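Commentary on secondary and tertiary structure
Now for the letters of each chain:
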Amino acid sequence: MIARTNTIWQVSAWQNELAGAIRDPEVLLSRLNLCHHQLADRYQACKQFPLRVTESYLSRMRPGDPNDPLLLQILPQGEELDQVNGYSIDPVGDNASIKLPGLLHKYSGRCLLITTAACAVHCRYCFRRHFPYQASRLDEESLTQAMAYIAGDGSLSEVILSGGDPLSLSDERLEQIISKLDTIPHLKRLRIHTRQPVVLPSRITDRLLETLNHSRLQQIVVLHFNHANEFDHQVESAIEKLSRSGITLFNQSVLLKGVNDSVSSLKALSEKLFGHRIIPYYLHLLDKTSGAAHFDIPLKQARQLHRELKAELPGYLVPTLVQELAGEPNKTVIT
Ligand SMILES: *Cc1c(COP(=O)(O)O)cnc(C)c1O
Ligand code: SF4
């Protein structure tokens, strides 16, 4: 009985925190004791992609620091409205890989389900800001169709739950999706791509862990940390729970100007990740999505940073530098 009560309380805790996310740039800046300059531009940028940040993520930002690496990831900027050559609304050609509403089959052996459009925070660099979610949402009918597609393609061994953030879904909905996948015999692995443990660690409830453990599929969670400052006590305990339940943990980051574009920052992140049994997997070059050009690191500089990182760390702590190019059979490795 106590466990049950506990579960209910935990579920409402993360859902309450989601509902109470900060959405107003003025409120955000006030909370960090920052001046309100360029507010009109920030509100304008919000019209394209609203501000959204959790109390948990906010609590890890340094008050009074306009260049805080966490703040820069979520603060709407006037520059987002600039039209920049080479930047588009579908930079990675995903729209061409939408086989059915909510199902992307781009690479061999694995397909991706867009389970929800919702995220706990809105990362300003993310191409999801332009994704046609309305046309490709996984409602009941499209879920049935997607399951039939997966069941009908014996070459698929892995399904990736993505979004948005798949952990924005309720435990009941996740259970429903995963139990359907469990019945498809040729599937071996379930992969979840999520930023929720980083930005909303209260989401890692016992009920969620039970749901994942209940599946016959081998479980992989790909996290999305961009900076060592994103770890705090609560995040560490959420990661600990995931890793203790036998889930393999990887991390992918995006190389972002002003956030993590130094060897010392990338090194600290890798060390921190591995200290919590997370394997650094990918370091992505920015997708050239309109509104994100101010985060771009030139290719030459990215290569140089990666080379220096390799010189400073054991090979297993160096993430693979990749770029997603439209029409390629896999993510392109930058050498
Ligand atoms: C990144 C991605 C994957 C997974 O690629 P891995 O190299 O296996 O991590 C699968 N499908 C899509 C559409 C992707 O963008
Ligand atoms: S999909 Fe991931 S990176 Fe993009 S806005 Fe959502 S949480 Fe951020």
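Check the entry above for the structure.
Residues numbered from 1 in each chain as written. Chains lettered and ligands numbered in written order. Predicted model: local features only at pLDDT ≥ 70, side-chain atom pairs only at ≥ 80, totals over all residues. Heavy atoms only, no water.

1. Overview of the site of ligand 2
- Neighbouring ligand 2 are Cys-119, Val-121, Cys-123, Cys-126, Arg-128, Gly-164, Arg-195 and His-224.
- Counting atoms within 2 Å of the grid points, the majority share of ligand 2 lands in the largest pocket.
- Split into classes, the residues belonging to the shell around ligand 2 amount to four nonpolar, two polar and two charged. (Near = heavy atom within 4 Å. 1 Å grid on protein atoms, 1.4 Å probe; cavity = no way out; pocket = protein on both sides within 12 Å on 5 of 7 lines; lining within 4 Å. Sits in = over half its atoms within 2 Å of the grid points. Nonpolar A, V, L, I, M, F, W, Y, C, P; charged D, E, K, R; others polar.)

2. Things to note about helix α6 (residues 140-151)
- Relative to the 16 Å expected for twelve residues at 1.5 Å per residue, α6 spans 17 Å between its end C-alpha atoms, a close match to the ideal helical length.
- Turning to α6, its buried residues number three or more, namely Ser-142, Leu-143, Ala-146, Met-147 and Ile-150. Looking down the long axis of α6, one finds its buried residues gathered within 140 degrees of arc, a one-sided arrangement. Opposite the buried face of α6, by more than 90 degrees, sit the exposed residues Glu-141, Thr-144 and Ala-148.
- For α6, the elements touching its buried residues are β1 (98-100), β2 (103-107), β3 (110-114), β4 (158-162) and α7 (171-182). (Helix = DSSP H or I, 4+ residues; strand = E, 2+ residues; numbered from the N terminus. Expected span 1.5 Å × (residues − 1). Buried < 20%, exposed > 50% of the residue type's maximum accessible area, 1.4 Å probe, protein only. Arc of directions from axis to C-beta. Contact = heavy atoms within 4.5 Å.)

3. Observations concerning helix α12 (residues 299-312)
- With 14 residues, α12 ought to run about 20 Å at 1.5 Å a step, and its terminal C-alpha atoms sit 20 Å apart, in line with that.
- All buried positions along α12 are accounted for by Ala-302, Leu-305, His-306 and Leu-309. Across the axial projection of α12, the buried residues extend over an arc of 100 degrees, all falling on one side. In α12, the exposed positions that point more than 90 degrees away from the buried face belong to Lys-300 and Ala-311.

Read these as geometric descriptors, not functional statements.
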